[in-house]
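Coordinate analysis (summary)
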Amino acid sequence: MPGSGVPNRRRAALLGMIGGAVGVMAMRWYQDNLEPELFPDVSQSPRGLPADDPIESNAMAALYEGGDTALETVGRQVVRLQEGRTPASPDSETQRALDVLLGLSTGLAYGGTRTTTRSRDIAGGFFMGLRMGFAEVVLAPLLGLRAGPSRFRPLQLLGVQMRYWVFSFVMTAVTRALYKVLSPRQW
């Protein structure tokens, strides 16, 4: 039946990686151009002390600084391990490499695990973005990679979630469009 077949896993994983790379570009554009207008305080430092947040108080160690995202903290740790110094913030080259790595690995996981060849996957994009936002806001503080959620205002948390939805919706749309174009017989 057209539109309900099982995708070729290897092809879907590769196309997912391409979709993830495009999703990262869209997310970066959103962060640079729209996010400052829509959520001007999204990158402000957290308020209160680490002990004020129940999730963060259970963290293994606090590796983050200020209002860092989990990827910024990981970038700083990568530079520390490679160069033996801890920079104030990861350089833009390291940060871009981590962004691309996140996009490619997320796209690989998305493309390789989808179970349908339908051209639209709104639910996939929505729930992938929710999972990524949850990981940034809840799981990363448990690992000490960012400040806990209760130390941010609700609009800051919504801004983080919007960032991941931009990424995930673009990634899923590009992946599905490429799959449709490159696998016409499967539709």
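Heads up: these notes are all about the structure in this document. (Residues numbered from 1 in each chain as written. Predicted model: local features only at pLDDT ≥ 70, side-chain atom pairs only at ≥ 80, totals over all residues. Heavy atoms only, no water.)

1. Observations regarding the side chain of glutamine 161
- Summarising the element assignment, glutamine 161 is placed in helix α5 (residues 154–182).
- On the basis of relative accessible area, glutamine 161 is assigned to the buried category, the value being 11%.
- Excluding residues that lie within four positions of it along the chain, glutamine 161 makes contacts with Gly129, Leu130, Gly133 and Phe134. (Helix = DSSP H or I, 4+ residues; strand = E, 2+ residues; numbered from the N terminus. Buried < 20%, exposed > 50% of the residue type's maximum accessible area, 1.4 Å probe, protein only. Contact = heavy atoms within 4.5 Å.)

2. Some points on the packing of helix α2 (residues 70–83) against helix α3 (residues 92–113)
- One can describe the packing of α2 onto α3 by two numbers: an axis separation of 9 Å at closest approach and a directional angle of 120°. Classified by the angle their axes make, α2 and α3 are oblique. Judged by the sense of rotation from one axis to the other, the crossing of α2 with α3 is right-handed. Contact residues: Leu71, Glu72, Val74, Gly75, Val78 and Val79 in α2; Thr94, Gln95, Leu98, Asp99 and Leu102 in α3.
- Residue composition of the contact of α2 with α3, grouped by class: six nonpolar, three polar and two charged. (Axes fitted to C-alpha atoms, helices over the stretch in contact; angles between N-to-C directions. Parallel < 35°, antiparallel > 145°, perpendicular 65-115°, else oblique. Left-handed = near helix turned anticlockwise from the far one by under 90°. Nonpolar A, V, L, I, M, F, W, Y, C, P; charged D, E, K, R; others polar.)

3. Details of the packing of aromatic side chains
- One pass over the structure, following the stated rule, counts two aromatic pairs.
- Seen in terms of ring centroids, phenylalanine 126 and tryptophan 165 are 5.2 Å apart; in terms of plane orientation they differ by 20°. Their pairing is stacked. With a gap of 39 residues between them, phenylalanine 126 in helix α4 (residues 122–142) and tryptophan 165 in helix α5 connect regions that are remote in the sequence.
- For tryptophan 165, a relative accessible area of 18% translates into the label buried.
- Ring pairs connect the aromatic residues Phe126, Phe127 and Trp165, which therefore count as one cluster.
- The ring centre of phenylalanine 152 lies 4.8 Å from the NZ or CZ of arginine 146, which sits over that ring. (Phe/Tyr/Trp six-rings, centres within 6.5 Å; stacked < 30°, edge-to-face > 60°. Lys NZ or Arg CZ within 6 Å of the ring centre and 35° of its normal.)

4. Concerning the nonpolar core
- Met128, Met132, Val160, Phe167 and Met171 are the most contacted members of the largest nonpolar core, which has 13 residues in total.
- A per-element tally of this core places α5 first, with four residues.
- Excluding residues within four positions of it along the chain, methionine 128 makes contact with Thr106, Tyr110, Ser168 and Met171. (Core = buried A, V, L, I, M, F, W, Y, C linked by side-chain atoms within 4.5 Å.)

5. Quick word on the packing of helix α1 (residues 9–38) against α3
- The contact between α1 and α3 brings their axes to 6 Å, and the two run at 140°. Relative to α3, α1 is oriented oblique. Crossing of α1 over α3 shows right-handed handedness. Here Arg9, Ala12, Ala13, Gly16, Met17, Gly20, Ala21, Val24 and Arg28 of α1 come into contact with α3, specifically with Gln95, Asp99, Val100, Gly103, Leu104, Gly107, Leu108, Gly111, Gly112 and Thr113.

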